[in-house]
Structure formats: C-alpha cells, structure tokens
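Chain by chain, the residues run as shown.
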Amino acid sequence: MHIPVFHVDAFTDRVFRGNPAAVCFLDFWLDDALLGKVARENNLPATAFLVPSVTGYALRWFSPVCELKLCGHATLAAAFVLFHFVSPQLDEVVFSTRFRGDLRVQKGGDLLAMQFPALAATSCAPTPELLFAVAPSLRPGDILQTFAGNQTYVVLLATQAQVQSFQPDITSLETLHPEVVVVTAPGNEVDFVSRYFAPGYGLPEDWVTGSSHCLLTPIWAERLGKSSLQARQLSARGGELRCELRGDRVILQGKAVATLKGSLTL
C-alpha cells in the first residue's frame, strides 16, 4: 500500500521556518493505531490525514503521541497541498473534522484563509501548579493576567522580551496535561506575540500554533479594540499569522511552502 505524502512548512514563505506538517492522502480510513504509527514515522509536530468526502475531505490530525482535536498549521498544510498539487482549480475546500465540525479554507493569492471557531477563555487566578511550572522564568508579579479555556492556560506578560526569554520547567508543564500553556504579550512590530508549550502532546515547544490563536485572537481583539491583528510566534523557527475576529469565527491567514513530495509504503 502506497500513501502519497507531502511535507509542508506552514505559516511561513521560507523553507525550514514556520511549523512543519506531513499531509497524507488516504482512500479510506486506516485504524487509529496505524494512523498513530504513520505519524510517529513522519516524526513532525503533526500529520494531517485526508479521505475524500461528499463535501470535500474528512480531516484528522495526529502528533507523534496522540490524535489532536484541532490543528491549525496542519490544516493550512493540507489546504496548500490541495490547492497547489492535487486540485489547483479549487479556490476553496471544506474539511469535515471529528471534533470541530466543518473547517473552510479559501485561497487568496499566496495567503490561505482558514475559518476556525473562536474559542472562549475566561480570566482566572493562576493555579499553584501553573505558577510552579513557570517559576524558573517568571515571578508572580510578572504575570499581568491569566486566562483559561480549551484546556489551555494563557499567561499574559507585559513585554515581548519577557516572552522571548521565557524558560519554563518542561517536566512540570507535562504534569498539567491535558492543559497546555501559552505565554503572550504585545509585540514590538506586530499586535501580539506568543509561545506555546504542550509537552504532554509530544510538543515541548510548538513552533507555530494555529489553534492557540483561536483563543488569543478574541483576547487581544478585546484588549486592543480592533478585530484584525498581526501575530508572530517567537519559537526558534518563528511564524507569522494574520488574525481576524469575525463573530464566532477566527479567520487565520498564512503562507506555506512545500519541502517534500513522495509516498509512504505500508
């Protein structure tokens, strides 16, 4: 059995930057254990699996550790492959997902626009476990505000420099699983910056995380009083996103570049 596979760097227009994802096309769903093995073989932050459906494609995402409920960069990668290699005549694709319903992606020049759900986060006091996990880098007084939502803690800091120098205790962060941690602050050149840590999902630090911006966009839209925002994730590879809050949806725009095309033999 030969599975077409692509590797794509998402949320960037340069190779070896942004967040890499594998995109695999299937004629039918394999069992979950085999999907997990394929994701581990790819050994990238996420593998997107696509099966043709009546409305477009059914889509699932796996990290090397487990299935993901929502993955922005692998969705962007999947749409990029469809628009550039599989069905270049398409300007739009609808992905049906297990946990987040239909996700629509539209082509607009070099930018792809994904319609994702806007996820609610509520302000909360940081838990002792969260404070312990971020203690190596932050004092409690450094934290301006903490939010929780979608199994994510969002830690708001004052400056981009604090986000850049942030060094959490990864082992302690793993004990928070299934919760993950995002640190964010106003950007020097963009509206806001962030970093994302999910060691329990096999991602000690993710490079560019589309799903976290479903939480961050509503937070920053309210703080800054604007619905269209430019964001940057300050990982080692880095990535750029355009974010727009539109009712109960977040529009995430980004670029992508392919790095590999081949087939996987099972």
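Higher on the page you've got the structure.
Residues numbered from 1 in each chain as written. Predicted model: local features only at pLDDT ≥ 70, side-chain atom pairs only at ≥ 80, totals over all residues. Heavy atoms only, no water.

What should I look at first to understand the environment of arginine 195 in this one?
Note on placement: arginine 195 falls in strand E13 (residues 192-198). Residue arginine 195 is classed as buried on the basis of its relative accessible area, which comes to 5%. Here the alpha-carbon distance between arginine 195 and valine 183, two residues 12 residues apart in the chain, equals 5.4 Å. Contacts of arginine 195, omitting those with residues within four sequence positions, involve Val163, Gln164, Ser165, Phe166, Gln167, Val181, Val182, Val183, Glu205, Gln233 and Leu234. Among the polar contacts made by the side chain of arginine 195, one reaches the main-chain carbonyl oxygen of valine 163 at a distance of 2.9 Å. (Helix = DSSP H or I, 4+ residues; strand = E, 2+ residues; numbered from the N terminus. Buried < 20%, exposed > 50% of the residue type's maximum accessible area, 1.4 Å probe, protein only. Contact = heavy atoms within 4.5 Å. Polar contact = N/O pair within 3.5 Å; in protein donor to acceptor, adjacent residues only side chain to side chain.)

Looking at this model, I keep getting lost on unusual backbone geometry. Mind explaining?
The amide bond that connects histidine 177 to the next residue, proline 178, takes the cis arrangement and shows omega of 15°. With phi around 55°, asparagine 150 is a residue other than glycine that occupies positive phi space. Position of asparagine 150 among the secondary structure elements: in the loop between strand E10 (145-149) and strand E11 (152-156). Its identity as a non-glycine residue notwithstanding, glutamine 151 has a phi of 55°, on the positive side.

Mind showing me how you'd approach the packing of aromatic side chains here?
Describing an aromatic ring pair means giving the distance of the ring centres and the angle of the ring planes. One pass over the structure, following the stated rule, counts seven aromatic pairs. Between phenylalanine 49 and phenylalanine 62, the ring centres sit 5.8 Å apart and the planes meet at 80°, which makes this aromatic pair edge-to-face. Placement of phenylalanine 49 in strand E3 (residues 46-52) and of phenylalanine 62 in strand E4 (residues 57-62) is noted, with a sequence separation of 13 residues between them. Arranged with centres 5.7 Å apart and planes meeting at 5°, the rings of phenylalanine 192 and tryptophan 220 form a pair that is stacked. A residue pair is termed long-range when its members are at least 10 positions apart, and phenylalanine 192 in strand E13 and tryptophan 220 in helix H6 (residues 213-224) qualify at 28 residues. Among the residues examined, tryptophan 220 registers a relative accessible area of 2% and is labelled buried. The ring centre of tryptophan 29 lies 5.4 Å from the NZ or CZ of arginine 60, which sits over that ring. (Phe/Tyr/Trp six-rings, centres within 6.5 Å; stacked < 30°, edge-to-face > 60°. Lys NZ or Arg CZ within 6 Å of the ring centre and 35° of its normal.)

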